[in-house]
Amino acid sequence: MVSMDSKLEAAVGAKSAKALAGALDLHTVGDLVRYVPRRYAERGELTDIAGLEIGEHVTVMARVLTFNERRMRTKQGWISEVVITDGSRTLDCTFFNQRHHKRALTPGISALFAGKVSRFRNKLQLTNPDYQLLNEESDDDTVEQFTGLIPVYPAAASIQSWQIAKCVKQVLSMLDVIEDPMPQEVRERRGLANYDDAVRKIHTGIDWPTVQAARARLKWDEAMAVQLALAQRRHRAIDRPAPECKRRDDGLRAAFDSRLPFTLTAGQQEVGEKIAADLEHAHPMNRLLQGEVGSGKTIVALRAMLQVVDAGRQAAILAPTEVLAAQHARSLAAMLGDLAQAGELGAAEEATRIALLTGSLPAALRKQALLDVASGAAGIVVGTHALIQDTVQFADLGFVVVDEQHRFGVEQRDVLRTRAGENVSPHVLVMTATPIPRTVAMTVYGDLETSSLRELPAGRSPINTAVVPAAEKPAWLDRAWQRIREEVKEGHQAYVVCPRIGDQESSDDVAGGDDGRRPPLAVLEVAEGLVAGPLRGLRVEVLHGRLPADEKDAVMRAFAAGEVNVLVATTVVEVGVDVPNATAMVIMDADRFGVSQLHQLRGRVGRGKAAGVCLLVTEALAGTATRERLDAVAATLDGFELARVDLEMRREGDILGATQSGKRSGLRLLSLLRDEDVIAEARDEAQELVSRSPDLAEFPGLASMVASLVTDTKAEYLEKA
């Protein structure tokens, strides 16, 4: 017999254990039994081929439509071409010098096919796939052992789904009864199924009700693990005080408000009131402010910063790039006028000073900025991650605004939280133009209070978005460049956005995948081609993160002044860049960007009186999930709707930010989109249990569950985010 902690070698043998460890990072019996099926195949029901991703390792159940052989034209050998179908769509399978498959893959037979999706002549295909026949005469009982549902696991080239299933069956036959980690009172209160039963039935259930019951129990455990980790961290942070920043009727904020040339929207006033009240408390504010591009988040943050300065403390705003930090500093100075000119001739009596601090400031300017920050002369400090370096000393930091949270590292944000003093935490406001569904805020953002600005200020223009399928319809790309020339002829400007910079990037950055995809397009190469080709005669400049700070600033100033017709850039233009005369954007290789990134980028156009146009150029084929994602972006301008689309299209295991932390996520079943009730109930239970036993010493099973599903690193990621 084996336990959950046993090494896999003892249960499945050295060869299988090595494959599971190398391909899937599974090392113990517990790792394997928690590696749940991605989905289930039912005999007689074929897998939907639509939505397959290029580069993805897939397992599909399909029927053989045709089998043809031909000799290779360029070298000796044979090519076997098999067309399989799900009943409506087809997928090509190509075998090189493997003629023996002809005996097995006869038209009409059904099988599980597994391999990596690639593209050949604008069609999806599997090259030399593995397969497992689903016929009665098969000698191998790997699949036949499943009398009802066939579990389909996330697999890899070196170990297929049916091989994983065989290992799971072997392990379950040897596994001792698993102790239930959930306290009996919780099991009874929530009507939870038996844990040992759920772990086994998630793999071996013969019908849907059995599988669904098992999934519901294990989903609850995942939700509890996350919420317990968050509740423990919140509990430890409760006693840490924050500076109280009371409102003043005669201060800087009041003076600013009296000069506003427009009326704040109802949403801005409501959110501003909540933030003002939070800042007056002795416990740290942790608030998430989400709103569409152009919804007026910056002015809400500025009014909060002025309240903190009125209380004799400093406020800092962190931007993700130097371009955006410099623009923030300029726009804040413009909005404040003489209220930001303390120490200068003609400054207002209540004035403060704005300090800009970035990594590439000239030595003299940096020295002066550091002095202003350390002395307190600068009430508002604007910067990038340079602000959290040890050399930066604040006189009295009371408030931190983080603009576009997802662009900062977890550790960087955490360091800044310690800058208000030895035992004091600054108030924190996180601003994002990427709307976040309530379940994400409740899970990934821990205990952040959430506020939303949903109404756009008057004057925003509509943006028309279209997908340009360059591989299928090259003429559409030619038309895109014509459209750019038309916009410029009308006196407007345009952006062209590329996924990478080019030129001196490492080979890791530029290599194409082994799935037939070419390297992503680069700014330098695209700009050169446009200048010599379709945009000849226009004033084209490039902007990217590798340019020296003064060059970046000069390019942005020239573009803002209308001296540049077309700006070819990386995603440095994603957030905060505001040029009302820019009306058109072409995003090259749009499939290489996420939904929220595309929405952010699109928000750079249509900021003036003229309507905007955004063209998403892609070689993704119709019917793939990638293309569906781009179609979804083109179909709506509603960021809150796109946030739901983004969640729907994400794979399992993304909830704990696996890609950000660089480690495999322990969560496989919990859906932030569909499981809002489960998450909310788990949050309530976790809060209650942690209030009784902060270290979970009274509940050792729960402590172990948290440790196995949510590592310390991931819990820190959740809490700090």
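Read on for an overview of the structure. (Residues numbered from 1 in each chain as written. Predicted model: local features only at pLDDT ≥ 70, side-chain atom pairs only at ≥ 80, totals over all residues. Heavy atoms only, no water.)

### Re the overall build of the protein chain
A tally of helices and strands in the protein chain yields 26 helices and 21 strands. In the protein chain, which comprises 721 residues, the proportion classed as buried is 55%. Taking as baseline every contact in the protein chain between residues at least 6 positions apart, the subset at least 24 positions apart corresponds to 73%. Of the roughly 31400 Å² of accessible surface on the protein chain, 48% is carried by carbon and sulfur atoms. (Helix = DSSP H or I, 4+ residues; strand = E, 2+ residues; numbered from the N terminus. Buried < 20%, exposed > 50% of the residue type's maximum accessible area, 1.4 Å probe, protein only. Contact = heavy atoms within 4.5 Å. Areas by Shrake-Rupley, 256 points an atom, 1.4 Å probe, with all protein chains shown as cover.)

### A few points about the nonpolar core
Core analysis: the largest hydrophobic core is formed by 41 residues, its most contacted members being Met-305, Leu-336, Ile-380 and Phe-399. Listed by contribution, the elements that provide at least two residues to this core are α9 (252–259), α10 (266–279), α11 (297–310), β10 (314–318), α12 (322–336), β12 (380–383), β13 (397–403) and β14 (427–432). With nine residues, the top contributor of residues to this core is α11. Filtering out sequence-adjacent residues up to four positions away, Ile-380 remains in contact with Leu-302, Met-305, Leu-306, Val-309, Ala-315, Leu-332, Leu-336, Thr-352, Arg-353, Ile-354 and Ala-355. (Core = buried A, V, L, I, M, F, W, Y, C linked by side-chain atoms within 4.5 Å.)

### Section: the sheet that holds β10
The sheet built from seven strands is open, its strands ordered β11-β12-β10-β13-β14-β9-β15 with parallel pairing. Each of the sheet's edge strands pairs with one partner strand only, and the pair in question is β11 (354–357) and β15 (449–453). Going across the sheet, the axis of each strand differs from the next one's by a mean of 20 degrees, ignoring polarity. Taken together, the five bridges between β13 and β14 define a ladder with parallel strand orientation. Each bridged residue has a counterpart across the sheet, and for Asp-403 the counterpart in β14 is Met-431. Sheet strands touched by α11: β9 (286–291), β10, β12, β13, β14 and β15. Its angle to β13, the strand with the most contacts, is close to 170 degrees. Here helix α13 (residues 363–375) sits on the sheet and contacts β10, β11 and β12; the angle it forms with β11, its principal contact strand, is near 130 degrees. (Pairing = 2+ DSSP bridges. Axes fitted to C-alpha atoms, helices over the stretch in contact; angles between N-to-C directions.)

### With respect to the packing of α10 against α11
The interhelical angle for the contact between α10 and α11, taken along N-to-C directions, is 30 degrees, at an axis separation of 10 Å. With respect to each other, α10 and α11 are oriented roughly parallel. The interaxial crossing formed by α10 with α11 has right-handed handedness. Note on element contacts: α11 touches α10 through Ile-299, Val-300, Arg-303, Ala-304, Gln-307 and Val-308, opposite Gln-268, Val-271, Gly-272, Ile-275, Ala-276 and Leu-279. (Parallel < 35°, antiparallel > 145°, perpendicular 65-115°, else oblique. Left-handed = near helix turned anticlockwise from the far one by under 90°.)

### Things to note about α10
Because each turn of an α-helix spans 3.6 residues, side chains separated by three or four positions end up pointing in the same direction. Taking 1.5 Å per residue, 14 residues should reach 20 Å; α10 reaches 20 Å between its end C-alpha atoms and fits that length. Every buried residue of α10 is accounted for by Gly-267, Gln-268, Val-271, Gly-272, Ile-275, Ala-276, Asp-278 and Leu-279. Take α10 and look down its axis: the buried residues cluster within an arc of 155 degrees, on one side only. On its buried face, α10 is in contact with α9, β9, α11, β13, β14 and β15. (Expected span 1.5 Å × (residues − 1). Arc of directions from axis to C-beta.)

### Considering the packing of aromatic side chains
Per the stated rule, a full pass over the model turns up five aromatic pairs. Between Tyr-40 and Trp-208, the ring centres sit 5.7 Å apart and the planes meet at 85 degrees, which makes this aromatic pair edge-to-face. With Tyr-40 in strand β1 (residues 39–42) and Trp-208 in helix α8 (residues 208–237), the pair connects residues that are 168 residues apart, well separated along the chain. For Tyr-40, a relative accessible area of 10% corresponds to the buried category. Under the relative-accessibility criterion, Trp-208 is labelled partly exposed at 32%. Members of the aromatic cluster, each reached through a chain of ring pairs, are Phe-95, Phe-113 and Tyr-131. The ring of Trp-78 carries Arg-99 above its face, with NZ or CZ at 3.8 Å from the centroid. (Phe/Tyr/Trp six-rings, centres within 6.5 Å; stacked < 30°, edge-to-face > 60°. Lys NZ or Arg CZ within 6 Å of the ring centre and 35° of its normal.)

### Quick notes on the packing of α11 against α12
In contact at an axis separation of 12 Å, α11 and α12 are set at 70 degrees when each is read in the N-to-C sense. Relative to α12, the element α11 lies roughly perpendicular. Pair α11 / α12 crosses with right-handed handedness. Of the residues in α12, those in contact with Thr-298, Ile-299, Leu-302, Met-305 and Leu-306 of α11 are His-328, Leu-332, Met-335 and Leu-336. Its residues placed into classes, the contact of α11 with α12 shows seven nonpolar, two polar and no charged. (Nonpolar A, V, L, I, M, F, W, Y, C, P; charged D, E, K, R; others polar.)

### A look at the pattern of salt bridges
Counted by the stated rule, this structure contains 36 salt bridges. Across the pair Asp-675 and Lys-219 runs a salt bridge whose closest N-O atoms are separated by 3.4 Å. Here Asp-675 is found in the loop between α23 (658–661) and α24 (676–692), whereas its partner Lys-219 is found in helix α8, with 456 residues between them in sequence. For the pair Asp-675 and Lys-219, one class covers both residues: buried. Among the salt bridges present, the one from Asp-553 reaches Arg-330, with a minimum N-O distance of 3.0 Å. With a gap of 223 residues between them, Asp-553 in helix α19 (residues 549–560) and Arg-330 in helix α12 connect regions that are remote in the sequence. Accessibility expressed as a relative area gives 25% for Asp-553, which makes it partly exposed. Taken together, the shared-partner salt bridges in this structure form one network comprising Glu-185, Arg-189, Arg-190, Glu-681, Glu-685, Glu-688 and Arg-692. (Salt bridge = Lys/Arg side-chain N within 4 Å of Asp/Glu carboxyl O.)

### Side note on the pairing of strand β18 (residues 540–543)
Of the pairings in the sheet, the one linking β18 to strand β19 (residues 566–569) comprises four bridges and is parallel in character. Each residue of the ladder has a partner; that of Leu-543, found in β19, is Ala-569. Handedness of the β18-α19-β19 crossover: right-handed. (Right-handed = clockwise from strand over helix to strand, strands pointing away.)

### So, the environment of Leu-8
When you line up the elements, Leu-8 lands in the segment before α1 (9–12). Distance in space between the C-alpha atoms of Leu-8 and Lys-18 is 8.8 Å, their sequence separation being 10 residues.

### Quick word on the environment of Ile-275
Here Ile-275 shows up in helix α10. With relative accessibility at 1%, the residue Ile-275 sits in the buried group. Spatially, the C-alpha atom of Ile-275 lies 9.7 Å from that of Asn-286, the residues being 11 residues apart in sequence. Those residues in contact with Ile-275, other than ones at most four positions away along the chain, are Met-285, Arg-287, Val-300, Ala-304 and Leu-429.

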